[in-house]
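Commentary on secondary and tertiary structure
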2 protein chains.
Amino acid sequence: MNTSLDIKQAFDRERQFAEKRRAVIQSASSAFRRRGYHNTSMVEIAKTLGLTKAALYYYVKNKEEILYESHIMTYDAMDAVLKTWRSRNKMNETVNKTPSELSGSELTGLNHLEGVFRDFVLLLTQSGVSLLTDVDSLGGEWKANVLKRRQIIEKHVLRIVKDGQKDGSIRTGDARLHVFFFMGALNWLNAWYEADGRLTGAVISEHFIAQLSRGIQV
Amino acid sequence: MNTSLDIKQAFDRERQFAEKRRAVIQSASSAFRRRGYHNTSMVEIAKTLGLTKAALYYYVKNKEEILYESHIMTYDAMDAVLKTWRSRNKMNETVNKTPSELSGSELTGLNHLEGVFRDFVLLLTQSGVSLLTDVDSLGGEWKANVLKRRQIIEKHVLRIVKDGQKDGSIRTGDARLHVFFFMGALNWLNAWYEADGRLTGAVISEHFIAQLSRGIQV
DNA sequence: AATTTATTTGACTCAAGGTTCAAATTTATA
DNA sequence: TATAAATTTGAACCTTGAGTCAAATAAATT
């Protein structure tokens, strides 16, 4: 007989399954970041979770799927950051305004970018989230999807930069090159940052924002 | 009977061998940059050179050796850049001087850095040289060596930045973070740059230097 | 306690791709 | 042209690690 308890239990099952699956992906993702996708075997991934290789396949179809989900997880987190700042900045999103036209509550493009960039750095240093580079290990469909997600994020960041150029807070010049420059810092961060090091995410983000800001402001 | 001709011929043999070996490594290096080390098979490497897989082993011990030499080749080129600028700047290398003490012919730390950075960008865009990230696919000895070479370069760049801070051309702050930031741009460049694209190395380097410069100058 | 369902495992298969090697081919030398 | 040395190849071998599956264990349900 079905009771509401059954449903709750079933739901709990699903939740636990989802949590474990997420744990698999996050743990693997971290290993991928440190050692690289191909230098991380399924056995290793399993062992760090106290499981055996075969058990992983209960949560995941493929090793490739783990890589794919790792990417998606990161891009979801980055999208969330962008979304937060976009809503915090709703007013001057659609209309292009010169600095003098900006009311006090609105952000300049530069400030907007600084906020986003700070949150990106904090994301990569303080959450388990990491920006993986191994896109070419994904096959057709999956690779295309990941690249699409990346492009969307770059588009949004590019939008912010261009808005900043419009409102006069960011100096002119090829906006894509602006973006490439500081996104490089973000990607490189993944390579050298170690969570246990002396540098905290806060310190890094402040320093990076100083460079970013001076580098592109008018 | 031995003649001077024999010697010349033998020398030519060696030279041709060295050239072909270099071609193998450069071609492979380029593929590694685009598709990644593990996504590039020996067969593919051979095929792009019009050879068969087995022939590669006449020029090279391992696939791993190819990766190693790729790294070394890049670091050699970067060292050469650093060396050029160091000799061009011999005067204020040992002594720390304030800006007012610099004679006209000497470079500020900032100018020195700009020059080096420009040449790095040109190197990565115009020569076949590429900054590979796949260090973890190298075993023990080799990996250690590559990391040592990378550290030496970072040390030199760090030195330039610190000199710039001393002579007042570069603003204070954690010099390592300065370096991490703009070296990120360099590494990321490898991921997105395509030689056939609309952006030339010259354009990129000018733009990047503008950001670098404004980002770190006092 | 018995039974069903979810989770984990050990032992295996299988393919991919790096590596080897004796033989073939090409190139240089006498 | 005959011989030797350098270069390339085809056909194997071998290792690694991903993926499978029936059976075992654990957890929940009756």
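See above for the structure.
Within each chain, residue numbers correspond to sequence positions counted from 1 in written order. Ligands are numbered from 1 and chains lettered from A, in the order in which they are written. pLDDT decides what is reported in this predicted model: residues at 70 or higher carry local features, side-chain atom pairs at 80 or more are listed and counted, and totals for whole chains, interfaces and linings draw on all residues regardless. No hydrogens and no water enter the side-chain calculation; it runs on all heavy atoms of the structure.

What follows concerns the overall build of chain A. A count of helices and strands for chain A gives 9 helices and 0 strands. Here a strand is any run of E in DSSP of at least two residues, a helix any run of H or I of at least four, and the numbering for each starts at the N terminus. For chain A, the N- to C-terminal ordering of α and β elements is α-α-α-α-α-α-α-α-α. Only protein chains enter the accessibility calculation, which uses a 1.4 Å probe; a residue is then buried when its area is under 20% of its type maximum, exposed when over 50%, and partly exposed in between. Sorting the 218 residues of chain A into buried and exposed places 46% on the buried side. Long-range contacts, defined here as pairs at least 24 residues apart, represent 72% of the contacts in chain A between residues at least 6 apart. Throughout, the Shrake-Rupley method with a 1.4 Å probe supplies accessible areas, and for residues the shown protein chains are the sole cover considered. In the structure as shown, chain A presents an accessible area of about 11,100 Å², 53% of it carried by carbon and sulfur atoms. Residue contacts are defined here by distance: any two heavy atoms, one from each residue, within 4.5 Å place the two residues in contact.

Another aspect to go through is the protein's contact with DNA strand D. Neighbouring DNA strand D are 18 residues, the closest being Arg 13 and Lys 53 of chain A together with Thr 52, Tyr 58 and Tyr 59 of chain B. Within 4 Å of the protein, atoms of DNA strand D come from sugar and phosphate in 67% of cases. Polar contact is defined as a pair of N or O atoms within 3.5 Å, subject to the rule that within protein one atom must be able to donate a hydrogen and the other to accept it, and that residues adjacent in sequence are counted only when both atoms are side-chain atoms. In the environment of DNA strand D, a phosphate oxygen lies 3.0 Å from a nitrogen or oxygen atom belonging to the side chain of Asn 62 of chain A. The separation between a phosphate oxygen of DNA strand D and a polar main-chain atom of Thr 52 of chain B is 2.9 Å. Counting residues per element, the ones that place at least two in the surface near DNA strand D are helix H1 (4-35) and helix H3 (53-59) of chain A together with helix H1 (4-35) and helix H3 (53-59) of chain B. The dominant element in the surface near DNA strand D, judged by the number of residues it contributes, is H3 of chain B, at 4 residues. In this classification, Asp, Glu, Lys and Arg are treated as charged, Ala, Val, Leu, Ile, Met, Phe, Trp, Tyr, Cys and Pro as nonpolar, and every other residue, Gly included, as polar. Of the residues that constitute the surface near DNA strand D, the class distribution is 8 nonpolar, 5 polar and 5 charged. In this text, near means that some heavy atom of the residue lies within 4 Å of the molecule or strand in question.

Turning our eyes to something else, we now look at the nonpolar core. If you look at the biggest cluster of nonpolar residues, it comprises 118 residues, and the most contacted ones within it are Phe 182, Trp 192 and Phe 208 of chain A together with Phe 182, Trp 192 and Phe 208 of chain B. Discounting chain neighbours no more than four positions away, the residues touching Phe 182 of chain A are Leu 113, Phe 117, Val 157, Val 161 and Leu 212 of chain A together with Phe 181 of chain B. Nonpolar cores were defined as sets of buried Ala, Val, Leu, Ile, Met, Phe, Trp, Tyr and Cys residues, with membership established by side-chain atoms within 4.5 Å.

Least-squares superposition of the copies uses the C-alpha atoms of those residues scoring a pLDDT of at least 70 in each of them. Relative to chain A, chain B is turned by 180 degrees and slid 0.0 Å along the rotation axis, the superposed coordinates differing by an RMSD of 0.0 Å. Such a turn and shift between the copies fits a two-fold axis. The fraction of interface residues of chain B whose copies in chain A are also interface residues reaches 100%, indicating that both copies meet through the same surface.

All names here are of chain B. Position of Gly 109 relative to the elements: it lies in helix H6 (residues 109-126). Separated by 58 residues in sequence, Gly 109 and Asp 167 have C-alpha atoms that sit 6.9 Å apart. Excluding its chain neighbours within four sequence positions, the residues that come into contact with Gly 109 are Ile 160, Gly 164, Asp 167, Ser 169 and Ile 170.

Bringing the pattern of salt bridges into the picture now. Two side chains of opposite charge can pair, provided their charged atoms sit close to one another. Residue and element names in this part refer to chain B. Salt bridges are counted wherever a side-chain nitrogen of Lys or Arg sits within 4 Å of a carboxyl oxygen of Asp or Glu. One pass over the structure, following the stated rule, counts 20 salt bridges over all chains. The closest approach of N and O atoms between Lys 143 and Asp 136, which form a salt bridge, is 2.9 Å. A residue is classified by how much of its surface remains accessible, and Lys 143, at 26% relative accessible area, is partly exposed. Measuring nitrogen to oxygen at the nearest pair gives 3.4 Å for the salt bridge that ties Asp 174 to Arg 176. Residue classification places Asp 174 among the partly exposed positions, given a relative accessible area of 28%.

To continue, consider empty space enclosed by the protein. Gaps left between atoms show up when a probe the size of a water molecule is rolled over them. Here a cavity denotes grid points, spaced 1 Å and computed from the protein atoms alone, that fit a 1.4 Å probe unable to get out, and a pocket denotes an open set having protein on both sides within 12 Å along at least 5 of 7 lines; residues with an atom within 4 Å of a point are the lining. Grid points are joined across faces, edges and corners, and a volume is the space filled by probe spheres set on the points. Per the counting criterion, the structure on display carries 4 cavities of 30 Å³ or more. If you add up the space inside the largest cavity, you get close to 110 Å³. As for the largest cavity, its lining consists of Trp 188 of chain A together with Tyr 75, Met 78, Leu 131, Leu 132, Arg 150, Ile 153, Glu 154, Met 183 and Asn 187 of chain B. At the level of elements, helix H4 (63-87), helix H7 (140-166) and helix H8 (175-192) of chain B are the ones that each hand at least two residues to the lining of the largest cavity. Ranked by residues supplied to the lining of the largest cavity, first place goes to H7 of chain B with 3 residues. Residues that form the lining of the largest cavity fall into these classes: 7 nonpolar, 1 polar and 2 charged. Contributing to the lining of the second largest cavity are Tyr 75, Met 78, Leu 131, Arg 150, Ile 153, Glu 154, Met 183 and Asn 187 of chain A together with Trp 188 of chain B. Mapped onto the lining of the second largest cavity, the elements with two or more residues apiece are helix H4 (63-87), helix H7 (140-166) and helix H8 (175-192) of chain A. Here the lining of the second largest cavity takes 3 residues from H7 of chain A, the largest share from any one element. When the residues that make up the lining of the second largest cavity are grouped by side-chain class, the tally is 6 nonpolar, 1 polar and 2 charged.

Attention now moves to the protein's contact with DNA strand C. The immediate surroundings of DNA strand C are formed by 18 residues, with Tyr 58 and Tyr 59 of chain A together with Arg 13, Met 42 and Tyr 57 of chain B found nearest. Sugar plus phosphate: this is where 66% of the atoms of DNA strand C within 4 Å of the protein reside. Residue Lys 53 of chain B places a side-chain N or O atom 2.8 Å away from a base oxygen belonging to DNA strand C. Elements supplying a minimum of two residues to the surface near DNA strand C: H1 and H3 of chain A together with H1 and H3 of chain B. In terms of residues, the surface near DNA strand C owes the most to one element, H3 of chain A, which gives 4 residues. Taken together, the residues of the surface near DNA strand C break down into 8 nonpolar, 5 polar and 5 charged.

We now examine the packing of H4 of chain A against H7 of chain A. Packed helices, taken two at a time, are described by their axes: the angle between them and the distance between them. All names here are of chain A. Angles run from 0 to 180 degrees between N-to-C directions of axes, and those axes are lines fitted to C-alpha atoms, restricted for helices to the stretch in contact. At their nearest, the axes of H4 and H7 sit 10 Å apart, and the two run at 20 degrees to each other. On the basis of the axis angle, H4 is roughly parallel to H7. In terms of crossing hand, the pair formed by H4 and H7 is left-handed. For the pair H4 and H7, contact is made by Glu 64, Glu 65, Tyr 68, His 71, Ile 72, Tyr 75, Asp 76, Met 78, Asp 79, Leu 82 and Arg 86 and by Trp 142, Asn 145, Val 146, Arg 149, Arg 150, Ile 153, His 156, Val 157 and Ile 160, respectively. Residue composition of the contact of H4 with H7, by class: 10 nonpolar, 3 polar and 7 charged. Any angle between 65 and 115 degrees counts as roughly perpendicular, while under 35 counts as roughly parallel, over 145 as roughly antiparallel, and the rest as oblique. Handedness of a helix crossing follows the sense of rotation of the near helix relative to the far helix, less than a right angle counterclockwise being left-handed and clockwise being right-handed.

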